[in-house]
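Coordinate inspection notes
The chain contents come next:
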Amino acid sequence: MDPATTAAPIQSDCETEIATKTPHSVWSWWPSWRPTSMSLLKTTESKILACIQNDLWARFVTLPNQDRIWTLTLTNKVFHKPAAAKTPLVMVHGFGGGVGLWIRNLDALSRSRPVYAFDLLGFGRSSRPPFPSDSAKAEEQFVNSIEEWRQSVGLENMILLGHSLGGYLATSYAIQHPSR
């Protein structure tokens with residue numbers, strides 16, 4: 001019996017369904033979406049972030065509308081003053097991602113400057129507000145949340161680094177707020 005074509009139970013804390021893979025499907029290798037809980041996400045993220053060597057501050061940043069954005073701040077343990085003088089790097093993950101996307105880069109990038117990574121609204125541990133179905137209005141909501149986050153954190157200027165959707169939103173933010 002070919003293990004790639006047989007049904008196998010999925011081991012999960014969240015679901016007891018049986019996933020089946022069709023033998024002729026191009027997408028049979030693709031993992032299907034599974035719901036998870038915030039407690040499972042928190043536990044998993046804590047394990048991932050335990051490997052960080054530099055100083056790490058993880059917290060929720062509350063926006064004026066009471067939405068909360070899960071935020072990591074990293075600074076170099078050894079050289080606080082030189083890094084503090086440099087413009088902070090802010091990392092924006094892509095669709096389906098979160099702060100864990102950057103785990104292998106956080107220590108190296110935070111050696112020379114403060115680094116921030118946050119979960120976009122609707123992702124990771126951040127709030128899940130409703131979004132408009134109009135794409136321009138949804139983009140505006142994301143960009144406004146980044147600006148409100150920047151103000152709440154107290155950053156005057158920042159370097160935005162984005163991956164996938166995060167790159168798109170970083171570009172849209174930079175077009176709308178070029179002085180930041």
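Whatever comes next refers back to the structure up there.
Scope of this entry: the structure provided in the associated data block. In this text, all values refer to a predicted model and were calculated from it rather than measured experimentally. (Residues numbered from 1 in each chain as written. Predicted model: local features only at pLDDT ≥ 70, side-chain atom pairs only at ≥ 80, totals over all residues. Heavy atoms only, no water.)

**Remarks on the sheet that holds strand 5 (residues 89-92)**
Strand order in the open sheet made by the 5 strands is 3-4-6-5-7, with mixed pairing throughout. Two strands lie at the open edges of the sheet, namely strand 3 (55-62) and strand 7 (159-162), each paired on one side alone. The sheet shows a mean angle of 25° between the axes of neighbouring strands, taken without regard to direction. Note: strand 3 against strand 4 (residues 68-75), 8 bridges, orientation antiparallel. Its bridge partner being in strand 4, D55 is matched across the sheet by T75. Of the strands in this sheet, strand 3, strand 4, strand 5 and strand 6 (115-118) touch helix 4 (residues 135-153), which is tilted by about 120° from strand 3. (Pairing = 2+ DSSP bridges. Helix = DSSP H or I, 4+ residues; strand = E, 2+ residues; numbered from the N terminus. Axes fitted to C-alpha atoms, helices over the stretch in contact; angles between N-to-C directions. Contact = heavy atoms within 4.5 Å.)

**What to know about the pairing of strand 4**
Where a strand is regular, its side chains alternate between the two sheet faces. Counting buried positions along strand 4 gives 6 out of 8 residues, so the element sits mostly inside the fold. Once strand 3 ends, the chain turns through 5 residues before running back antiparallel as strand 4, passing Q66 with a positive phi of about 80°. Both strand 4 and strand 6 contribute to a ladder of 4 bridges, which runs antiparallel. Counted as the bridge partner of L72 is A117 from strand 6. (Buried < 20%, exposed > 50% of the residue type's maximum accessible area, 1.4 Å probe, protein only.)

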